[in-house]
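Architecture and fold: a report
What follows is each chain in one-letter form.
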Amino acid sequence: MHVLLIGSGGREHAIAAALRSSPKLTRLSCAPGNAGIAEIAELVAVDPADHAAVIAFCKAEGVDFVVIGPEAPLVAGLVDDLSDAGIKAFGPKKEPARLEGSKAFTKELCTEAGIPTAAYGRFSDAEAARAYVLDRGAPIVVKADGLAAGKGVVVATSVEEALAAVDACFSGAFGAAGAEVVIEDCLVGEEASFFAITDGIDVLPLAAAQDHKRVGDGDTGPNTGGMGAYSPTPVVDDAMEMRIMDEIIVPTVRCLAKRGTPFVGVLFAGLMIEADGPKLIEYNVRFGDPETEVLLPRLRSDLLELMLASAEGRLSGNIANFDERTALTVVMAAEGYPGGYRKGSRIDGLDEAAALPDVSVFHAGTAARDGAIISNGGRVLAITALGGSVSQAQAKAYDAVDRVRWPDGFCRRDIGWRAVAREKTGG
Ligand code: AMP
Ligand code: GLY
């Protein structure tokens, strides 16, 4: 089977590595990919935003199945267009992808399906939004409705900060994404990411992970795409997983099926685990990055088979087996990220890091130049290790990170800190 993978991040490198281990795979292409993916797939210079070009490539090269990594092509309807052209793809169509494309869409679905989430208001004019903030008080969360690359959310600790966020949205700070604003109560607890795969009817839980969104140690500094993750996470034990499935994931899948717009693909729930149970913060309609770099190294089932079963509506009876060990990944980013950063600096030591037992080096923003690997983005590498505990996985991952020689790069030194602290106190 010839698979075309769309994307260029650490997530896609991890997906490519998992697809490679499937006996069903005969050829793997990736558009646009990166220097790490180039070692295990053929890179294709096709712009994923140009749906006609993607379709033409699939037809010319006999692609049997398209796997889409990032949200933008899903929200833009790539799966719809591929399906109209008779090409099978993994991921949701445009309408159910609104779960990620519009926060208001998700909040309304939560109301319709009785899914636990923060109380909210939705506004298309600044005056009404300001009045709501004044009425509810702080802390309060202000969100641009549309896709804003993770930057459209302000968790405001004061009314003034919330009002400023409202004004920023309506004055166009997030472009079209901020034409509508969702304002919601602040949830309190520990965050977790939960992943499930569905064919629109049946749902299979995959696993939970914990991301580290802030750029600095101790969860300080600005938000990023994610600086590291580990899986599984102790806040989502078996009982919590059942609640997440019963109270959040399954009602979502049922609701979308009932509407006649079934969700096919990976559902990624961003959750707050509050004292009285899980609350939905947001949905993503794809695998997470860097969560995929810890989920897939643990997956012992055939990813390609699971994705095909999802796309072909025959997920029932499948199982997803995971290694019991913990996987922990550390993201190495270019100095300056998530602000301005330089591209094109040389990275050495990757082979030495990758040769360590239970270690995988995933490339994100990398390119090859004159036989060397150079940085080509903000988040550049995700270095994953498997261990018998979070502490062990953490030690192995940082051992690998320390083999990488890249003067222009930095990473957090405390990925997994919450779980490591619990392991130390035995709690
Ligand atoms: P989102 O883009 O919706 O995932 O929001 C980004 C981050 O803002 C989340 O990962 C949370 O840390 C935080 N956040 C969003 N909504 C809430 C909420 N209602 N209560 C507390 N924190 C929130
Ligand atoms: N790690 C968060 C995301 O993929 O959106």
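For the structure itself, look to the data block above.
A brief structural summary. (Residues numbered from 1 in each chain as written. Chains lettered and ligands numbered in written order. Predicted model: local features only at pLDDT ≥ 70, side-chain atom pairs only at ≥ 80, totals over all residues. Heavy atoms only, no water.)

**Quick look at the pairing of strand β21 (residues 372-375)**
Burial of β21 is two-sided: the residues A372 and I374 facing one way and the residues I373 and S375 facing the other way are all buried. One ladder, built from 2 bridges, connects strand β18 (residues 346-347) with β21; its direction is antiparallel. If you follow I347 over to β21, its bridge partner there is I373. Pairing geometry for strand β20 (residues 366-369) and β21, over 4 bridges, is antiparallel. (Buried < 20%, exposed > 50% of the residue type's maximum accessible area, 1.4 Å probe, protein only. Helix = DSSP H or I, 4+ residues; strand = E, 2+ residues; numbered from the N terminus. Pairing = 2+ DSSP bridges.)

**Some details on the site of ligand 1**
Taken together, 15 residues surround ligand 1, and among them E184, D185, L187, E191 and E282 come closest. Within the backbone of D185, one N or O atom sits 2.9 Å away from a nitrogen atom of ligand 1. Within the side chain of K213, a nitrogen or oxygen atom sits 3.0 Å from an oxygen atom of ligand 1. For ligand 1, whose free accessible area comes to 470 Å², the fraction covered by protein is 90%. Secondary structure elements with two or more residues in the shell around ligand 1: β7 (140-144), β8 (153-156), β9 (181-185) and β16 (277-284). (Near = heavy atom within 4 Å. Polar contact = N/O pair within 3.5 Å; in protein donor to acceptor, adjacent residues only side chain to side chain. Areas by Shrake-Rupley, 256 points an atom, 1.4 Å probe, with all protein chains shown as cover.)

**Points about the side chain of N34**
Inspection of the secondary structure assignment puts N34 in the loop between β2 (27-32) and β3 (42-43). The buried category is assigned to N34, whose relative accessible area is 4%. Within the local environment of N34, its side chain forms a polar contact with the backbone oxygen of A364, the two atoms lying 3.0 Å apart. Not counting residues up to four positions away in its chain, the partners in contact with N34 are S8, G9, L43, H363, A364 and T366. (Contact = heavy atoms within 4.5 Å.)

**A word on helix α8 (residues 159-170)**
Helical geometry: 3.6 residues make up each α-helical turn, so side chains three or four residues apart lie on a common side. The end-to-end C-alpha distance of α8, which contains 12 residues, comes to 17 Å, matching closely the 16 Å that a straight helix rising 1.5 Å per residue would cover. Turning to α8, its buried residues are V159, A162, L163, A165, V166 and C169. The buried residues of α8 all sit within an arc of 160° when viewed along its axis, so they share a single face. Looking at the buried positions of α8, the neighbouring elements they touch are α7 (126-136), β7, β8 and β9. Among the residues trailing α8, G172 stands out with phi positive, at a value near 95°. (Expected span 1.5 Å × (residues − 1). Arc of directions from axis to C-beta.)

**Considering the pattern of salt bridges**
Side chains carrying opposite charge are able to pair once their charged atoms draw close together. Counting across every chain of the model gives 35 salt bridges. For D167, the salt bridge identified is with R130, shortest N-O distance 2.8 Å. With D167 in helix α8 and R130 in helix α7, the pair connects residues that are 37 residues apart, well separated along the chain. The partly exposed category is assigned to D167, whose relative accessible area is 34%. With a relative accessible area of 25%, R130 lands in the partly exposed category. Across the pair K279 and D276 runs a salt bridge, and its minimum N-O distance is 3.0 Å. Residue K279 is classed as buried on the basis of its relative accessible area of 13%. By sharing partners, the salt bridges in this structure join K24, K88, E305, E312 and R314 into a single network. (Salt bridge = Lys/Arg side-chain N within 4 Å of Asp/Glu carboxyl O.)

**Re the site of ligand 2**
Taken together, the neighbourhood of ligand 2 is formed by D211, G225, F268, N284, R286, G288, D289, P290 and E291. A distance of 2.8 Å separates a nitrogen atom of ligand 2 from a polar side-chain atom of D211. A distance of 2.8 Å is found between an oxygen atom of ligand 2 and a side-chain nitrogen or oxygen belonging to R286. Burial of ligand 2 by the surrounding chains reaches 86%, relative to a free accessible area of 200 Å². Residue composition of the shell around ligand 2, by class: 2 nonpolar, 3 polar and 4 charged. (Nonpolar A, V, L, I, M, F, W, Y, C, P; charged D, E, K, R; others polar.)

**Details of the packing of helix α1 (residues 10-20) against helix α11 (residues 303-311)**
For any two helices packed against each other, the geometry is given by the interaxial angle and the distance between the axes. The interhelical angle for the contact between α1 and α11, taken along N-to-C directions, is 100°, at an axis separation of 7 Å. Overall, the two elements α1 and α11 adopt an arrangement that is roughly perpendicular. Along the contact surface, α1 presents I15, A18 and L19, while α11 presents L303, L304 and M307. (Axes fitted to C-alpha atoms, helices over the stretch in contact; angles between N-to-C directions. Parallel < 35°, antiparallel > 145°, perpendicular 65-115°, else oblique.)

**Re the sheet that holds β21**
Spatial strand order, β18-β21-β20: 3 strands in an open sheet with antiparallel pairing. This sheet does not close on itself; its edge strands, each paired only once, are β18 and β20.

**Some remarks on unusual backbone geometry**
Here S231 and P232 are connected by a cis peptide whose omega angle stands at -5°. For P232, the position within the fold is in the loop between β14 (228-231) and α9 (238-258). Unusually for a residue other than glycine, D219 sits at a positive phi of about 55°. For D219, the position within the fold is in the loop between β12 (214-216) and β13 (220-223). A residue is classified by how much of its surface remains accessible, and D219, at 23% relative accessible area, is partly exposed. In this model, D358 sits at a positive phi of 65°, which is unusual for a non-glycine residue.

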